[in-house]
Amino acid sequence: MQTENRFFDDFAKMLNGVAGTVAGMGREAESSMRERMKEWIGGMDFVSREEFEAVKAMAAAARDEADALRVRIAALEAAQNGTQAPPVI
């Protein structure tokens, strides 16, 4: 036989409300901390992933161009001296 006790019903509702409030406070604290960290890291001179990848691609292109120019210079020097160009390593 089950009896209805209003005290336990109210107590359960109150605990449920407290749990919801605590969960909301946790989400709010996490959001606030995340925002503070973004501001703190933003104040430091870090670069974004996109900027890093762009500079990395530019460096690779410059390296390739430098290698091509090195081969061209060797060929021009060899032609000027009347010899065969040395093999490029």
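It should be emphasised that the depicted structure is a prediction, and the values quoted were computed from it without experimental measurement. (Residues numbered from 1 in each chain as written. Predicted model: local features only at pLDDT ≥ 70, side-chain atom pairs only at ≥ 80, totals over all residues. Heavy atoms only, no water.)

*Asks:* Is there a simple way to think about the overall build of the protein in this case?
*Replies:* Helices and strands together make up the secondary structure of the protein, namely two helices and zero strands. By residue count, 2% of the 89 residues in the protein fall in the buried class. If you sum the accessible surface of the protein, you get close to 8600 Å²; carbon and sulfur atoms cover 60% of it. (Helix = DSSP H or I, 4+ residues; strand = E, 2+ residues; numbered from the N terminus. Buried < 20%, exposed > 50% of the residue type's maximum accessible area, 1.4 Å probe, protein only. Areas by Shrake-Rupley, 256 points an atom, 1.4 Å probe, with all protein chains shown as cover.)

*Asks:* Explain helix α2 (residues 49-81) to me, please; I cannot follow it from the model alone.
*Replies:* Owing to its 3.6 residues per turn, the α-helix aligns residues three or four sequence positions apart on the same side. Taking 1.5 Å of rise per residue, the 33 residues of α2 would be expected to cover 48 Å, and the 48 Å separating its terminal C-alpha atoms lies within 8% of that figure. Glycine 82 lies just past α2 and shows a positive phi near 75°. (Expected span 1.5 Å × (residues − 1).)

*Asks:* Sorry, what's going on with a nonpolar patch on the surface here?
*Replies:* A contiguous nonpolar surface patch, about 700 Å² in accessible area, is contributed by Phe7, Phe8, Phe11, Met14, Leu15, Val18 and Val22. With respect to the helices and strands, the residue valine 18 is situated in helix α1 (residues 6-43). (Patch = residues over 30% accessible without salt bridge, like charges linked within 9 Å, V, L, I, M, F, W, Y side chains within 5 Å. Salt bridge = Lys/Arg side-chain N within 4 Å of Asp/Glu carboxyl O.)

*Asks:* Before we go on, may I ask you to explain the pattern of salt bridges in this structure?
*Replies:* Any two side chains of opposite charge can pair, on the condition that their charged atoms come close. All told, the structure shown has three salt bridges when counted by the stated rule. One salt bridge in this structure joins arginine 34 and glutamate 30, with 2.7 Å as the shortest N-O distance. In this pair, arginine 34 and glutamate 30 are both assigned in helix α1, four residues apart and thus about one turn of the helix distant. The shortest N-O distance in the salt bridge between glutamate 53 and arginine 49 comes to 3.3 Å. With glutamate 53 and arginine 49 both in helix α2, this residue pair falls four residues apart, about one helical turn. Residue class for glutamate 53 comes out partly exposed when judged on its relative accessible area of 36%. Relative accessible area serves as the criterion here: at 55%, arginine 49 is assigned to the exposed category.

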